[in-house]
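Now for the letters of each chain:
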Amino acid sequence: MSEWIKVCNIDQVKEGQLFGFTHDEKKILLANLKGKIHATDLICTHADADLSTGFLSDEGVRCPLHLSVFNLESGEPQNLPAETPLKVYNVKIDDSEIYVEV
């Protein structure tokens, strides 16, 4: 069964920023792309790199280790070497607080 967890205030994830956090054993990435908050797995599916230290662009989040780009809507890798998609989580904003469904 899933639950909504409060992660942080919207002001903590400014446009163009990445924010990683852990809830229980799940490592999750928040990304603010053009004012929309996305949530995916925090760890690259190719080489266990922390995506919060990567780069955000219109194409998605780029892994800092081998430069694979993941689409933030679908989690799908856009280029090699990554081949496995990231898990994507539902996000809602209520009273300036960001919630993620885990």
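All of these numbers come straight from a predicted model, not from anything done at the bench.

Student: Help me understand the nonpolar core, please; the structure alone is not making it clear to me.
Tutor: The nonpolar side chains of a soluble globular protein tend to be buried with one another. The biggest cluster of nonpolar side chains holds 14 residues, and the ones touching the most others in it are L29, C44, L51, V61 and F70. With three residues, the top contributor of residues to this core is strand β3 (residues 26-33). When sequence neighbours within four positions are dropped, the list of residues in contact with C44 reads A49, L51, C63, F70 and L86. Core analysis: the second largest hydrophobic core is formed by 13 residues, V7, C8, A39 and I98 among them.

Student: Quick question: what am I supposed to make of the environment of E101 here?
Tutor: Topologically, E101 is positioned in strand β10 (residues 97-101). For the pair E101 and A39, spaced 62 residues apart in the sequence, the C-alpha separation amounts to 9.3 Å. When sequence neighbours within four positions are dropped, the list of residues in contact with E101 reads S2, E3, W4, Y89 and N90. A polar atom in the side chain of E101 sits 2.8 Å from the side chain of S2.

Student: Would you take a moment to explain the sheet that holds strand β1 (residues 4-9) for this structure?
Tutor: Strands belonging to one sheet form pairs held by backbone hydrogen bonds; the direction of such a pair is parallel or antiparallel. Read from one edge to the other, the open sheet built from three strands follows the order β1-β10-β9, with strand pairing classed as antiparallel. Edge positions in the sheet fall to β1 and β9 (91-94), since each has one partner strand and no second. Strand-to-strand twist across the sheet, computed as the mean angle between neighbouring axes with direction ignored, equals 30 degrees. Here β1 runs beside β10; their pairing, made up of five bridges, is antiparallel. Bridging from a neighbouring strand, K6 pairs with Y99 of β10.

Student: Is there a simple way to explain the UniProt feature "domain: Rieske" (unreviewed entry) in the chain in this structure?
Tutor: In this numbering, the UniProt entry assigns the feature "domain: Rieske" (unreviewed entry) to residues 4-100. Across residues 4-100, the secondary structure splits into 0% helix and 45% strand, with the terminal C-alpha atoms separated by 5 Å.

Student: It is not clear to me how the sheet that holds β3 should be interpreted in this structure. Could you clarify?
Tutor: Strand order in the open sheet formed by four strands is β2-β3-β4-β8, with antiparallel pairing between adjacent strands. Two strands bound the open sheet, and with one partner strand each, they are β2 (18-23) and β8 (88-89). With six bridges connecting them, β2 and β3 associate as antiparallel partners. Looking at the pairing, T22 lines up with K27 of β3.

What counts and how
- Residues numbered from 1 in each chain as written.
- Predicted model: local features only at pLDDT ≥ 70, side-chain atom pairs only at ≥ 80, totals over all residues.
- Heavy atoms only, no water.
- Core = buried A, V, L, I, M, F, W, Y, C linked by side-chain atoms within 4.5 Å.
- Buried < 20%, exposed > 50% of the residue type's maximum accessible area, 1.4 Å probe, protein only.
- Helix = DSSP H or I, 4+ residues; strand = E, 2+ residues; numbered from the N terminus.
- Contact = heavy atoms within 4.5 Å.
- Polar contact = N/O pair within 3.5 Å; in protein donor to acceptor, adjacent residues only side chain to side chain.
- Pairing = 2+ DSSP bridges.
- Axes fitted to C-alpha atoms, helices over the stretch in contact; angles between N-to-C directions.
- UniProt positions renumbered as here; feature names shortened; annotations may be inferred.

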